[in-house]
Amino acid sequence: MMDKTGDNELMLKAKGGDRQAFENLYKRYSAPVLNFFYRLEWNSSLAEEGVQEVFYRLWKHKAKYVPRGKFSTYLFQIAKNYWLNEMKRKRPQSGDEILAGQKSPAAGPDRQVERKEMRDIVRTAISGLPENDRLPFVLARYHGMKHKDIAQMLGISARAVEARILRAMKKLETSLAQHDLVPGGNS
């Protein structure tokens, strides 16, 4: 049974050295953080590595924790900083590397190929977005985060978040139109 204690309270207990409280936070947030990294990189092993690093950093720097808002915003701030540092260290991978190891859902061979091609095109388009646009887009569209929470995490205004998401959507639409995946696409 999952502990019903609030996230900030659990983190404060973890700050005091309570490993069980920290484990409860890990159980609550490891999947969302994994999904966050996966949607940014489309690589399972890099996503898993990111989760481990984020929770390692959370534990290592627990003494600095001060509950100023939602714990999830604080945690995703750590994840965002880790991802941005990794992006500076290594440039984005090619589409082939991004999609390595991904499996298609069960369907006929023709449908599987078609779905994989569509997924590949969408993933490559998202991966091709500039970092400033990709991060708010992924947080809003795949994680359901509110613009104000993304704004707080990124240190920008909610209007700037909105503008970046809109810009990302327009770039994706243009990119996907080249593959006839949106109305008005070329061929």
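Residues numbered from 1 in each chain as written. Predicted model: local features only at pLDDT ≥ 70, side-chain atom pairs only at ≥ 80, totals over all residues. Heavy atoms only, no water.

Q: Outline the overall build of the protein, listing residues and values.
A: A count of helical and extended segments in the protein gives 9 helices and 0 strands. Moving toward the C terminus, one meets the helices and strands of the protein in the order α-α-α-α-α-α-α-α-α. Taken across its 187 residues, the protein has 39% of its residues classed as buried. In the protein, of all internal contacts separated by at least 6 residues, the share reaching a separation of at least 24 is 63%. (Helix = DSSP H or I, 4+ residues; strand = E, 2+ residues; numbered from the N terminus. Buried < 20%, exposed > 50% of the residue type's maximum accessible area, 1.4 Å probe, protein only. Contact = heavy atoms within 4.5 Å.)

Q: Quick rundown of the pattern of salt bridges? Include the residues and the values.
A: In a structure, side chains of opposite charge can pair up when their charged atoms sit close to one another. A full pass over the atoms with the stated rule returns 7 salt bridges. With a shortest N-O distance of 2.5 Å, R28 and D7 are connected by a salt bridge. Here R28, found in helix α2 (residues 19–41), pairs with D7, found in helix α1 (residues 7–15); they are 21 residues apart in sequence, far enough to count as distant. When sorted by exposure, R28 lands in the same class as D7, which is buried. (Salt bridge = Lys/Arg side-chain N within 4 Å of Asp/Glu carboxyl O.)

Q: Quick one: what's the story with the packing of aromatic side chains, residue by residue and with numbers?
A: Counted under the stated rule, the structure contains 11 aromatic pairs. An angle of 65° between the planes, with centres 5.0 Å apart, marks the rings of F22 and W59 as edge-to-face. In this pair, F22 sits in helix α2 while W59 sits in helix α3 (residues 44–60), placing the two residues 37 residues apart along the sequence. Owing to a relative accessible area of 13%, F22 belongs among the buried residues under this scheme. (Phe/Tyr/Trp six-rings, centres within 6.5 Å; stacked < 30°, edge-to-face > 60°.)

Q: Residues and numbers for the packing of helix α8 (residues 147–154) against helix α9 (residues 158–177), please.
A: At a closest axis distance of 8 Å, the pairing of α8 and α9 adopts a crossing angle of 100°. It follows from the interaxial angle that α8 and α9 lie roughly perpendicular. Where α8 approaches α9, its residues H147, I150, A151 and L154 are matched on the opposing element by A158, V161, E162, R164 and I165. Here the contact of α8 with α9 is built from residues that sort into 6 nonpolar, 1 polar and 2 charged. (Axes fitted to C-alpha atoms, helices over the stretch in contact; angles between N-to-C directions. Parallel < 35°, antiparallel > 145°, perpendicular 65-115°, else oblique. Nonpolar A, V, L, I, M, F, W, Y, C, P; charged D, E, K, R; others polar.)

Q: Can you break down α8 residue by residue, with the values?
A: Every α-helical turn comprises 3.6 residues, leaving residues that sit three or four positions apart pointing alike. Restricting attention to buried positions, one finds in α8 the residues D149, I150, A151, M153 and L154. Close packing links the buried residues of α8 with α4 (71–89), α7 (131–141) and α9. Directly beyond the C-terminal end of α8, a positive phi value near 70° is found at G155.

Q: Break down the environment of P67 for me, with residues and values.
A: Structurally, P67 is set in the loop between α3 and α4. For the pair P67 and M11, spaced 56 residues apart in sequence, the C-alpha to C-alpha distance is 8.5 Å. If we skip the residues at most four places from it in the chain, P67 touches N8 and L12.

Q: I'd like a description of α4, backed by residues and values.
A: Along its 19 residues, α4 runs 27 Å from first to last C-alpha, staying within 8% of the 27 Å computed at 1.5 Å per residue. Every buried residue of α4 is listed here: F71, S72, T73, L75, F76, I78, A79, K80, Y82, W83, E86 and M87. Residues of α4 that are buried sit in contact with α1, α2, α3, α7 and α8. (Expected span 1.5 Å × (residues − 1).)

Q: Go over the packing of α4 against α8 with me, naming the residues and quoting the values.
A: Viewed as axis vectors pointing N to C, α4 and α8 meet at an angle of 50°, and their least axial separation amounts to 9 Å. By the angle between their axes, α4 is oblique relative to α8. Considering only the axes of α4 and α8, their crossing is right-handed. Touching T73, F76, Q77 and K80 of α4 are D149, Q152, M153 and L154, all from α8. (Left-handed = near helix turned anticlockwise from the far one by under 90°.)

Q: Tell me about the environment of F37, and please be specific about residues and values.
A: Tracing the backbone shows F37 in helix α2. Of the residues examined, F37 reaches a relative accessible area of 2% and is grouped as buried. Taking C-alpha positions, F37 is 4.7 Å from A47, a pair spaced 10 residues apart along the chain. With residues near it in sequence (within four places) discarded, F37 still touches W42, A47, G50, V51, V54, A79, Y82 and W83.

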